[in-house]
Amino acid sequence: MEIRYSVCPHDCPDTCAWQVELEGGKVLRVKGDPTHPVTQGVICAKARHYPQRLYGKERVLYPWRRSGSKGSGRFERVGWEEALKEIAARWRVLAAESGAECILPFSYAGTEGIINNAGMDRRFFNRLGATQLRRTICSVAGGEGYKLAYGEMRGVDPLASVKARVLIFWGINALETNLHQALLADQARRQGARIIAVDVHRNKTADWADEFYHILPGSDGALALGLAHVILRDGLADLSWAERNTCGLDEFKAETGRYSPQRVARLTGLRPGQVIKLAHDYAENRPSFIRLGNGLQHHDNGGMNTWAIALLPALTGAWQDEGGGVLKHNSGYFPLDREALERPDLRSGEPRSVNMIQLGKVLTELEPPIRSLYVYNSNPAAVVPDQNRVRQGLAREDLFTVVHEQVWTDTARWADIVLPATTCLEHQDLYVSYWHTVLQWADPVIPAQGESLPNIEVFRRLAEAMGFTDPCFRDSTEEMAGQALSLPYWQEQGITLARLRRERHVALKIPALPFAQGGFATPSGRAELRSEKAVQRGLPPLPAHRPLLEGPEKKEGCHLTLISPPNHHFLNSTFTEVEALTAGAGEPHLEMHPRDAAARGIREGDPVKVFNARGECLLKAKVLDSVLPGVVVASGVWPLWAYPEERGINALTSAREADLAGGAVFFSTLVEVEKR
Ligand SMILES: Nc1nc2c(c(=O)[nH]1)N[C@H]1C(S)=C(S)[C@@H](COP(=O)(O)OP(=O)(O)OC[C@H]3O[C@@H](n4cnc5c(=O)[nH]c(N)nc54)[C@H](O)[C@@H]3O)O[C@H]1N2
Ligand SMILES: Nc1nc2c(c(=O)[nH]1)N[C@H]1C(S)=C(S)[C@@H](COP(=O)(O)OP(=O)(O)OC[C@H]3O[C@@H](n4cnc5c(=O)[nH]c(N)nc54)[C@H](O)[C@@H]3O)O[C@H]1N2
Ligand SMILES: [Mo]
């Protein structure tokens, strides 16, 4: 048996280091690398199934051309050269007729590998003059909200969180979505720390925590301001630190005066005593650590709520303790030379841009229309909101769709041309994490399966086919990785590509107390309780509670808020192609409170129709009190075949934009449910 190493490329904070066991050149097992400081030999069940994904029957191994009607799933084999020639020929004609803006790239984070995520593709579409895509589907609203407070995406190093005495998991289901953060918290708990979860349903993380605060969807801003109210009222703030390192303190004091425990209890569904207790438990135990999740920001008010929560350690001065503060997103510890990677200078004008969450509208309404779509690193037919419109768009006979994929996804089925993509075990890449602070590199572990090619290579070939002669279109993965790491920061870190290749993973040198003396990257240099940027973006100058647009208003006769969070067994829609994992996940279902079920004559196991003005989805009811009355939960983005009549959960979700940066509002969805 032979052992080689790789890195998990999937869109997950943990970015694990893999130890891969091979026999006769075949991958037998994938395990956690015991030498990686964060992975520590542990990986999730999904990744342990990688050999099934790699060699599974759903793998796309050759280029294919559609041979039946659109969406029929009938394809015939073609060679790479023929496929690329056809794409280039179609694009040349389209560009001549309508301008290259009629071509739209669509990608997200199928791979987090720096080079295959965003590099040669951006160069190519910049040079082509294609419509630009705003990649908003995941975390931009919360990201911008966090930046209103602190200016950049840096927070507590997760390895320091073991030192905390109180750890709040806020809107994050870490047990299923950030496993190693839960393991680090367990370590802290063994040393006496308490773990608190704040969520809208009692998920695995809530069960594992010592205390659970079960709140109403979209009420996090109110809760954070209520905690601030009690912290200031009861003398729990570190005012001397806050006076030196925040701006807008007096106004903030006045504003939070409006968030009495009684009012906050009404807004959140908690009892006033719970608000007071949480404020005291948080502020009186130090170091205090908040892991700020992604779930709470998939709402109309997600940006502002993230801002409000992020400010709590600036009141208590928690940043002065090792392990104290907040961790939302740590990509700021990995500054990469994006201009060198993506070459925005290759654009000749300023092409239009569209918001990816509005793909349905973009494909069906935009003028002048999109005439060709090139999809990679994403599965929009399943993951994008307002799914019926997306499908209407994908079904357009006049839309020339190319999908570069590892597996046969819902989106691939609607393609005119499907191209085979390598997996992380078959190509090189450079990996950062958006949670831990270890830089990684991986070389291929096995040769490319079938005729699959990495993203970088496909764009190199497309550039050649289009006659793009700039030498940057011939760069290798190593050259581009070198360009990404060319900023002085990497020299200061003592990290070169040669060293990284030798050591596979290198932990960054991060100050133990990054913000003990403030020094935030905001316009004022302080943590901003009051923000001019917020005003410029249409928010109030200080964080405030704002109701969900589809929340309390009870539009369209729909009375239940639908939350559709990630599934334990899948990674977004990835891994749904692994039979053992879909079998383990069972079938798509809807959790509802006994009171809501009884009011609709619904019993455990009943087939139900979940619907609103946008569409419907057929699920099986699970009646339990892990959800509050008025809230229903359907976990996972499943492939369409798993739903009766092939109507996915995103048929219900809205393509409305959140309060910041055009983020997605998957969880601000009102539905009604009836027995079928
Ligand atoms: N197993 C697994 N792991 C994953 C993924 C996956 O699909 N499966 N996806 C990956 C990706 S892309 C991401 S972005 C992350 C996301 O992982 P997380 O950061 O954990 O975010 P979510 O799972 O979307 O939501 C977390 C929790 O927020 C809750 N929530 C919803 N609305 C609210 C609210 O208004 N307030 C509060 N307090 N809580 C609310 C949801 O019920 C859910 O339990 O996970 C990554 N890891
Ligand atoms: N209802 C609902 N919808 C959601 C969410 C939710 O919680 N609820 N979560 C949202 C979030 S947070 C996110 S991030 C999005 C994620 O949405 P997507 O980014 O579309 O994620 P996946 O569904 O995992 O699809 C990624 C695809 O990329 C492919 N891929 C992987 N590596 C490569 C590669 O190297 N090259 C190529 N060409 N392809 C590759 C995989 O095979 C996979 O099919 O979904 C969003 N949609
Ligand atoms: Mo995400």
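All figures in this text were calculated on a predicted structure; none of them were measured in a lab. (Residues numbered from 1 in each chain as written. Chains lettered and ligands numbered in written order. Predicted model: local features only at pLDDT ≥ 70, side-chain atom pairs only at ≥ 80, totals over all residues. Heavy atoms only, no water.)

(A) Molecular detail of the site of ligand 2. Every one of the 34 residues lining ligand 2 counts as a neighbour, but Ser 378, Glu 405, Ser 564, Ser 573 and Thr 574 are closest to it. Between ligand 2 and Arg 53 there is a distance of 2.9 Å, counted from an oxygen atom to a side-chain nitrogen or oxygen. In the environment of ligand 2, an oxygen atom lies 2.5 Å from a nitrogen or oxygen atom belonging to the side chain of Ser 573. In the complex, the protein chains occlude 97% of the 920 Å² of accessible area that ligand 2 would expose alone. Considered class by class, the residues forming the shell around ligand 2 number 14 nonpolar, 17 polar and three charged. (Near = heavy atom within 4 Å. Polar contact = N/O pair within 3.5 Å; in protein donor to acceptor, adjacent residues only side chain to side chain. Areas by Shrake-Rupley, 256 points an atom, 1.4 Å probe, with all protein chains shown as cover. Nonpolar A, V, L, I, M, F, W, Y, C, P; charged D, E, K, R; others polar.)

(B) How the structure looks around the environment of Arg 389. Looking at where Arg 389 falls in the secondary structure, it is placed in helix 20 (residues 387-394). C-alpha of Arg 389 to C-alpha of Pro 369: the two residues are 20 residues apart in sequence and 15 Å apart in space. When sequence neighbours within four positions are dropped, the list of residues in contact with Arg 389 reads Gly 360, Lys 361, Thr 364 and Glu 365. (Helix = DSSP H or I, 4+ residues; strand = E, 2+ residues; numbered from the N terminus. Contact = heavy atoms within 4.5 Å.)

(C) Quick look at the packing of helix 5 (residues 120-128) against helix 22 (residues 455-465). At a minimum axis distance of 8 Å, the contact between helix 5 and helix 22 shows a crossing angle of 25°. One finds that helix 5 runs roughly parallel with respect to helix 22. For the element pair helix 5 and helix 22, the recorded crossing hand is left-handed. The residues of helix 22 that touch helix 5, namely those facing Met 120, Asp 121, Phe 124 and Phe 125, are Ile 456, Phe 459, Arg 460, Leu 462 and Ala 463. When grouped by side-chain class, the residues that make up the contact of helix 5 with helix 22 number seven nonpolar, no polar and two charged. (Axes fitted to C-alpha atoms, helices over the stretch in contact; angles between N-to-C directions. Parallel < 35°, antiparallel > 145°, perpendicular 65-115°, else oblique. Left-handed = near helix turned anticlockwise from the far one by under 90°.)

(D) Structural view of the site of ligand 1. Within the structure, ligand 1 sits among 31 residues, and Thr 177, Gly 218, Asp 220, Phe 570 and Asn 572 are positioned closest to it. For ligand 1, an oxygen atom lies 2.8 Å from a polar atom in the side chain of Asp 199. His 201 is positioned such that a nitrogen or oxygen atom in its side chain is 3.3 Å from an oxygen atom of ligand 1. Starting from 910 Å² of accessible surface for ligand 1 in isolation, the protein chains cover 96%. Sorting the residues of the shell around ligand 1 by element identifies helix 7 (174-177) and strand 9 (194-199) as the ones contributing at least two each.

(E) Layout of unusual backbone geometry. Note that the residue after Arg 286, namely Pro 287, is joined by a cis bond; omega there is -5°. Here Pro 287 lies in the loop between helix 14 (272-284) and strand 12 (288-292). For the peptide bond that leads from Glu 367 to Pro 368, omega is -15°, which places it in the cis range. With a phi close to 35°, Thr 15 is a non-glycine residue in the positive phi region. Within the element layout of this structure, Thr 15 appears in the loop between strand 1 (2-7) and strand 2 (17-23). Positive phi outside glycine occurs at Gln 40, with the angle close to 45°. Position of Gln 40 among the secondary structure elements: in the loop between strand 3 (26-32) and helix 1 (45-48).

(F) Geometry of the pairing of strand 17 (residues 417-420). Burial of the side chains of strand 17 extends over both faces: Ile 417 and Leu 419 are buried on one face and Val 418 and Pro 420 on the other. Direction of pairing for strand 4 (residues 64-66) relative to strand 17: antiparallel, over a ladder of two bridges. The partner of Trp 64 across the bridge, within strand 17, is Val 418. Here strand 16 (residues 400-405) pairs with strand 17 via four bridges, running parallel. Looking at the pairing, Glu 405 lines up with Pro 420 of strand 17. (Buried < 20%, exposed > 50% of the residue type's maximum accessible area, 1.4 Å probe, protein only. Pairing = 2+ DSSP bridges.)

(G) Broad picture of the pairing of strand 9. Among the six residues in strand 9, five count as buried, and that is most of the element. Pairing analysis gives five bridges linking strand 8 (residues 166-170) to strand 9, with the strands arranged parallel. Bridge assignment links Phe 169 to a residue of strand 9, and that residue is Ala 197.

(H) Here's a closer look at helix 23 (residues 477-484). Along helix 23, the residues that are buried comprise Thr 477, Met 480, Ala 481 and Ala 484. One side of helix 23 holds all its buried residues, which, seen down the axis, span an arc of 105°. (Arc of directions from axis to C-beta.)

(I) Spatial organisation of the nonpolar core. Within the largest apolar cluster, 119 residues are counted, with the highest numbers of intra-cluster contacts made by Tyr 150, Leu 167, Trp 170, Leu 223, Leu 312, Trp 319 and Leu 373. Among the elements that take part in this core, helix 10 (residues 220-233) stands out by supplying seven residues, more than any other. Counting residues in each nonpolar core, the second largest holds 54 residues, with Phe 125, Ala 130, Tyr 374 and Leu 453 among its members. (Core = buried A, V, L, I, M, F, W, Y, C linked by side-chain atoms within 4.5 Å.)

(J) Focus on the packing of aromatic side chains. Within this structure, the stated rule accounts for 26 aromatic pairs. By way of ring pairs, the aromatic residues Trp 91, Phe 124, Phe 125, Tyr 374, Tyr 376, Phe 459, Phe 468 and Phe 473 are connected into one cluster. Residue placement shows Arg 53 over the ring face of Phe 575; its charged tip is 5.7 Å from the ring centre. Over the ring of Tyr 259 we find Arg 263; its NZ or CZ atom is 4.6 Å from the centre of that ring. (Phe/Tyr/Trp six-rings, centres within 6.5 Å; stacked < 30°, edge-to-face > 60°. Lys NZ or Arg CZ within 6 Å of the ring centre and 35° of its normal.)

(K) Spatial organisation of the domain arrangement of the chain. If you check the domain split of the chain, you get domain 1 (2-55), domain 2 (64-135 + 353-507), domain 3 (156-327) and domain 4 (560-675). The C-alpha centroid of domain 3 is placed 33 Å from the C-alpha centroid of domain 1. Contact with domain 1, which involves 11 residues of that partner, is made by nine residues of domain 3. Taken over both partners, the interface formed by domain 1 and domain 3 buries close to 680 Å², and the fraction arising from carbon and sulfur atoms is 60%. When the buried surface of domain 1 facing domain 3 is broken down by residue, Pro 13, Asp 14 and Val 38 rank first, second and third, together holding 56% of it. Where domain 1 packs against domain 3, one counts five residue pairs in polar contact (both at pLDDT 80 or more). Its residues assigned to classes, the side of domain 1 that touches domain 3 comprises eight nonpolar, one polar and two charged. (Domains from an automatic or database assignment. Buried area = accessible area lost by both parts, 1.4 Å probe.)

(L) Region of interest: the UniProt feature "domain: 4Fe-4S Mo/W bis-MGD-type" (unreviewed entry) in the chain. Feature annotation in UniProt places "domain: 4Fe-4S Mo/W bis-MGD-type" (unreviewed entry) on residues 1-58, given in this structure's numbering. Summarising residues 1-58: 17% helix, 34% strand, and an end-to-end C-alpha distance of 27 Å. (UniProt positions renumbered as here; feature names shortened; annotations may be inferred.)

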